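Results of the structural survey
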Amino acid sequence: MEWQLFDVDHQKADWVSIHEKICQLLIPVRTSLPSLTSEERKHRVEQLVKRQKYIIHLTSSTAQKFIFDGKHEKALPAALHALRFSTKVYGSSSVQLVPAYILLAEACIGVGNLQQASNYLSQAQWIVLRSPDCSSAFQHRLHRSFGLLYAADGNFDQALYHLANDIYLATSAFGLKSVEASGGYFHMANVFFCQNKMDIANSLYAEVTDIWHTFLVKSVQTQEQIHKLRAEKSPFTEDKEVEVSEDTMTEAQQAEAIQVLNAVLDIREKAPKQQPEETARVLHALAMLYYLFMDLSKAYEIGMKAFDLLKQLPQQESLEAIGYLLKLIDSQPSCTK
């Protein structure tokens, strides 16, 4: 059963969240095919499917970003469009529908409609059970969504069971220290936090911070290499040689990193027992993140906060790394402190 958008507020949310982005793309998709030769028709159908797949990508990434931003109501229409076009392209029982069902479920959890979320997850689970070759990438996301659903319902044992499966499948598919796996650790930490099992929660929050910190260090290094190549390149150098690997983070990953790292920072700063080294590590990660977004004033402010915190500690190994980041930020022409 699909989420119906009946009232004016939902229609407005539908337009704001996704219709503005896909309006022009929908015109050829909804236009009937004229009289064509079989070869022309074949080419037209191929172009149509290609356009529909692009709409699926656009609506899915938009929905995911809204979910990470905490704008779950806006995510619903985008996720629904993703489901509709996925059904058109792949059929109603294809495993390719699973990501759209997951997005719809997580958006429903965010607006408090747990029963509708359960319905969407049941649809996704039914497809996965009928698809023995379903990838770990899809399965780990499904387990994560079930974990979020049970956590929202207060069933922490079931939530931990599904989040453990999420982490296992994500690490199998993407690696032990992958950002894809970090979400499972983060949500598991939140469950233990709700159970007041702070030692376990703190350990998991530290793991989440470490994963993102490592990822962001590499991303900053990649950006430096790109800037260096651009500065050194000859006028005869192919542009594509310089552009390689420039987009190290998707919009959804950016939104996830902001949500997760700010949540961990808030927990660290409010904890009765302060852990300044862990807090400084989260701050360093956030400073790198904002530097990559070119929000330089915020990156400098957070970087200085981490620097000042570390100066108070007996062991100051991380000071050099943060000091280097502050120099990088300061070297940008648009940096205003």
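All of these numbers come straight from a predicted model, not from anything done at the bench. (Residues numbered from 1 in each chain as written. Predicted model: local features only at pLDDT ≥ 70, side-chain atom pairs only at ≥ 80, totals over all residues. Heavy atoms only, no water.)

Quick word on the overall build of the protein
A count of helical and extended segments in the protein gives 14 helices and 0 strands. When the elements of the protein are put in sequence order from the N terminus, they spell out α-α-α-α-α-α-α-α-α-α-α-α-α-α. Taken over 337 residues, the protein has a buried fraction of 43%. Considering only intrachain contacts with a sequence separation of at least 6, the fraction spanning at least 24 residues in the protein is 63%. (Helix = DSSP H or I, 4+ residues; strand = E, 2+ residues; numbered from the N terminus. Buried < 20%, exposed > 50% of the residue type's maximum accessible area, 1.4 Å probe, protein only. Contact = heavy atoms within 4.5 Å.)

Some words on the side chain of Ser60
Secondary-structure assignment places Ser60 in helix H2 (residues 38–68). When its relative accessible area of 18% is taken as the criterion, Ser60 is described as buried.

Topic: the nonpolar core
Across soluble globular proteins, you tend to see nonpolar side chains buried next to one another. Ranked by internal contacts, the top residues of the largest apolar core, which has 52 residues, are Trp212, Leu216, Leu261, Leu286 and Tyr291. In terms of residue count, the dominant contributor to this core is helix H12 (residues 276–292) (11 residues). Ignoring any residue separated from it by four or fewer positions in sequence, one finds Trp212 in contact with Val179, Ser182, Met249, Gln253, Glu256, Ala257, Val260 and Leu261. (Core = buried A, V, L, I, M, F, W, Y, C linked by side-chain atoms within 4.5 Å.)

So, helix H11 (residues 251–270)
Each full turn of the α-helix corresponds to 3.6 residues, which orients residues three or four apart in the same direction. For H11, spanning 20 residues, the distance from its first C-alpha to its last is 29 Å, which sits close to the expected 28 Å at 1.5 Å a residue. By the burial criterion, the buried members of H11 are Ala252, Gln253, Ala255, Glu256, Ala257, Val260, Leu261, Val264, Leu265, Ile267 and Arg268. (Expected span 1.5 Å × (residues − 1).)

Some remarks on the packing of helix H7 (residues 156–174) against helix H8 (residues 179–194)
How two helices sit against one another is set out by the angle between their axes and by the gap between those axes. For the pair H7 and H8, interaxial distance at closest approach is 8 Å and the crossing angle is 160°. Viewed along their axes, H7 and H8 adopt a mutual orientation that is roughly antiparallel. At the point where H7 passes H8, the crossing takes the left-handed sense. Seen from H7, the contacting residues are Phe156, Ala159, Leu160, Leu163, Ala164, Asp166, Ile167, Ala170, Thr171 and Phe174; seen from H8, they are Glu180, Ala181, Gly184, Tyr185, His187, Met188, Val191, Phe192 and Cys194. (Axes fitted to C-alpha atoms, helices over the stretch in contact; angles between N-to-C directions. Parallel < 35°, antiparallel > 145°, perpendicular 65-115°, else oblique. Left-handed = near helix turned anticlockwise from the far one by under 90°.)

Focus on the pattern of salt bridges
Scanning the model with the defined rule gives 10 salt bridges in all. Arg281 serves as the salt-bridge partner of Asp210, at 2.8 Å between the closest nitrogen and oxygen. Of this pair, Asp210 sits in helix H9 (residues 198–232) while Arg281 is found in helix H12, placing the two residues 71 residues apart along the sequence. Assessed through its relative accessible area of 22%, Asp210 is described here as partly exposed. The class for Arg281 is partly exposed, based on a relative accessible area of 27%. Its salt-bridge partner being Lys305, residue Glu269 comes within 3.0 Å of it at the nearest N-O pair. Note that Glu269 is positioned in helix H11 and Lys305 in helix H13 (residues 296–311), a separation of 36 residues in sequence. For Glu269, a relative accessible area of 36% gives the class partly exposed. Through salt bridges with shared partners, a single ionic network connects Lys177, Glu207, Asp210 and Arg281. (Salt bridge = Lys/Arg side-chain N within 4 Å of Asp/Glu carboxyl O.)

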